[in-house]
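Below, each chain spelled out in residue letters.
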Amino acid sequence: MPQLVACYEQAERDIRDGFDLIARAERRLNEAFTMNSFHTIRVGDHHQRMNFADVESAVREARRGVWETLIERLELRRIMSIKEWEKLSNEVHKGHDVPDVTEENVRAMARQFRDQLPAMLQAAVIEVFEWLTPQAQWHAYKTNSRFEIGRKVVLSYALDTWQGKVNGAWKLSYSRAQHFNALENVFSSLDGKGSITKTHFSEIAEALRQIPAGAPCVGETPYFSFRGFLNGNLHLTFRRPDLLRKFNAIAGGRRLRPEGAP
């Protein structure tokens, strides 16, 4: 970690020095050639110009990219609930004030989320249950129950349909990737193996990547088997009935069935 932070700090110094050098060259050219005309000489091509007088914007974007990479390397995606991940992603992608990349800030972020791991796991159980059950009319597949998870569920908008139709490749929809991370974390924890896995990609995502282009979307992981379709639906089957019973007891058992409900 100290080496990564030191690398960023040197890179930021280089960016600031480089922008300052080019900005001074632009000022020198304009003072000599434009003579207060409306035409301004700028360094850059015709398609994308960079304002070398605004180094703060460039540094902020570099800092944003570094934080995105650090978040992946710290495997925070693998331990965070869906809600917390979306909140953090929005702060990094859209937030104006991106924190400095310092050893203290990086360690503080990792410590903060790891200390919250038990609470986040508990929240993830409820989030995953609500995702797997039809909470809206458009999601009311007969396969899915509102009160407990059956052996098989149908997940809409799970796959990137553009990839499947264009080049025959299968991958998860970006908006659903964290849902599958949370799902696998929950079942890994129920299996007594902890909630942090080896990579920030779910095993289902990795299994999809291994399917040859043009081949049917069929595969399995230790906890699930699946079949995907070009309409974006993924049919997910639970391979561990014992863990499914635990999961339903924790999340589904908290929901009271109305009288007469199946």
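All residue numbers refer to positions counted from 1 along the written sequence of the respective chain. Only residues with pLDDT of 70 or above have their local features reported here, since the model is predicted, and side-chain atom pairs are shown and tallied only from 80 upward, although totals for entire chains, interfaces and linings are computed over all residues. Only hydrogens and water are set aside when side-chain values are computed; all heavy atoms of the structure are taken into account.

Student: Just to check I follow, could you spell out the packing of aromatic side chains for this structure?
Tutor: What characterises a pair of aromatic rings is the spacing of the ring centres plus the angle enclosed by the ring planes. Only the six-membered ring of Trp is used, alongside the rings of Phe and Tyr, when aromatic pairs are assigned; centres must lie within 6.5 Å, and planes under 30 degrees apart are stacked while those over 60 apart are edge-to-face, with the rest tilted. Tallied over the entire structure, the rule returns eight aromatic pairs. Their ring planes at 80° and their centres at 5.0 Å tell us that tryptophan 131 and phenylalanine 180 sit as a pair that is edge-to-face. Within this pair, whereas tryptophan 131 is found in helix 6 (residues 117–132), its partner phenylalanine 180 is found in helix 8 (residues 177–190), the two being separated by 49 residues in sequence. Taken individually, tryptophan 131 and phenylalanine 180 each receive the classification buried, so the pair is uniform in this respect. Ring geometry for phenylalanine 187 versus phenylalanine 247: centroids 5.4 Å apart, planes at 35°, classification tilted. Within this pair, whereas phenylalanine 187 is found in helix 8, its partner phenylalanine 247 is found in helix 10 (residues 241–250), the two being separated by 60 residues in sequence. When sorted by exposure, phenylalanine 187 lands in the same class as phenylalanine 247, which is buried. By the ring-pair criterion, three or more aromatic residues cluster together here, those being Phe129, Phe187, Tyr223, Phe224, Phe238 and Phe247. Each helix is a run of DSSP H or I of at least 4 residues and each strand a run of E of at least 2, with the numbering of both proceeding from the N terminus. Only protein chains enter the accessibility calculation, which uses a 1.4 Å probe; a residue whose area is less than 20% of its type maximum is buried, one above 50% is exposed, and one in between is partly exposed.

Student: Can you walk me through helix 10 in this structure?
Tutor: In an α-helix, one full turn covers 3.6 residues, which means residues spaced three or four apart are oriented alike. The complete set of buried residues in helix 10 reads Leu243, Leu244, Phe247 and Asn248. Buried residues in helix 10, looked at end-on, bunch into an arc of 135°, giving them a common side. With respect to the buried face of helix 10, the exposed residues turned more than 90 degrees away are Arg245 and Ala249. Note on definitions: a residue-residue contact is assigned when non-hydrogen atoms from the two residues lie within 4.5 Å. Contacts from the buried residues of helix 10 go to helix 6, helix 8 and strand 4 (234–238). In this description, one arc is meant: the one made by directions from the helix axis to the C-beta atoms.

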